[in-house]
Amino acid sequence: MQHDLWVLTFDRDYGELVFAREVTAPPAILFVRQGPQPADAFGRDVLAVLDNSDFALGHLVVLAGSRLRRRALPT
């Protein structure tokens, strides 16, 4: 059974599994880089990505403070 679940991770090695080791990618990966930021920033940033799911689908999205980067996942 396959579930279309996204991965939310603080582990940067997850991207390596998908890109370098060719593990099957989920529909989207949200990688949160921790750093000094207000306490509510994490939730606000994740919700902003979830509100615009088309932005994240098929991508590794890196949330680093107020910056977002994305890279297309292998198909």
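Please refer to the structure higher up on the page.
Residues numbered from 1 in each chain as written. Predicted model: local features only at pLDDT ≥ 70, side-chain atom pairs only at ≥ 80, totals over all residues. Heavy atoms only, no water.

What follows concerns a nonpolar patch on the surface. On the surface, Leu8, Phe10 and Phe42 cluster together into a nonpolar patch covering about 270 Å² of accessible area. With respect to the helices and strands, the residue Leu8 is situated in strand 1 (residues 7–9). Look at Leu8 and you get partly exposed, because its relative accessible area is 44%. (Patch = residues over 30% accessible without salt bridge, like charges linked within 9 Å, V, L, I, M, F, W, Y side chains within 5 Å. Areas by Shrake-Rupley, 256 points an atom, 1.4 Å probe, with all protein chains shown as cover. Salt bridge = Lys/Arg side-chain N within 4 Å of Asp/Glu carboxyl O. Helix = DSSP H or I, 4+ residues; strand = E, 2+ residues; numbered from the N terminus. Buried < 20%, exposed > 50% of the residue type's maximum accessible area, 1.4 Å probe, protein only.)

Once that is clear, we can look at the nonpolar core. Within soluble globular proteins, side chains that are nonpolar tend to cluster in buried spots. Among the nonpolar cores identified, the biggest contains eight residues, and these are Ala28, Leu30, Val32, Val46, Val49, Ala56, Val61 and Leu63. If you list the elements that add at least two residues to this core, you get strand 2 (29–33), helix 2 (41–51) and strand 3 (59–64). Contacts of Ala28, omitting those with residues within four sequence positions, involve Trp6, Val7, Ala56, Leu57, His59 and Leu73. Among the nonpolar cores identified, the runner-up in size contains seven residues, and Val18, Phe31, Val62 and Leu73 belong to it. (Core = buried A, V, L, I, M, F, W, Y, C linked by side-chain atoms within 4.5 Å. Contact = heavy atoms within 4.5 Å.)

On to the side chain of Thr9, then. Note that Thr9 resides in strand 1. Residue classification places Thr9 among the buried residues on the basis of a relative accessible area of 11%. Contact partners of Thr9, with chain neighbours within four places excluded, come to Tyr14, Ile29, Leu30, Phe31 and Val32.

Where strands meet in a sheet, backbone hydrogen bonds hold them as pairs that are either parallel or antiparallel. Across the sheet, which stays open at both edges, the four strands sit in the order 1-2-3-4 with mixed pairing between neighbours. One side of each edge strand has no neighbouring strand; the edge strands of this open sheet are strand 1 and strand 4 (67–72). Recorded for the sheet is a direction-independent mean angle of 15° between the axes of neighbouring strands. Across the sheet, helix 2 lies against strand 1, strand 2, strand 3 and strand 4, angled at about 155° from strand 2, the strand it touches most. (Pairing = 2+ DSSP bridges. Axes fitted to C-alpha atoms, helices over the stretch in contact; angles between N-to-C directions.)

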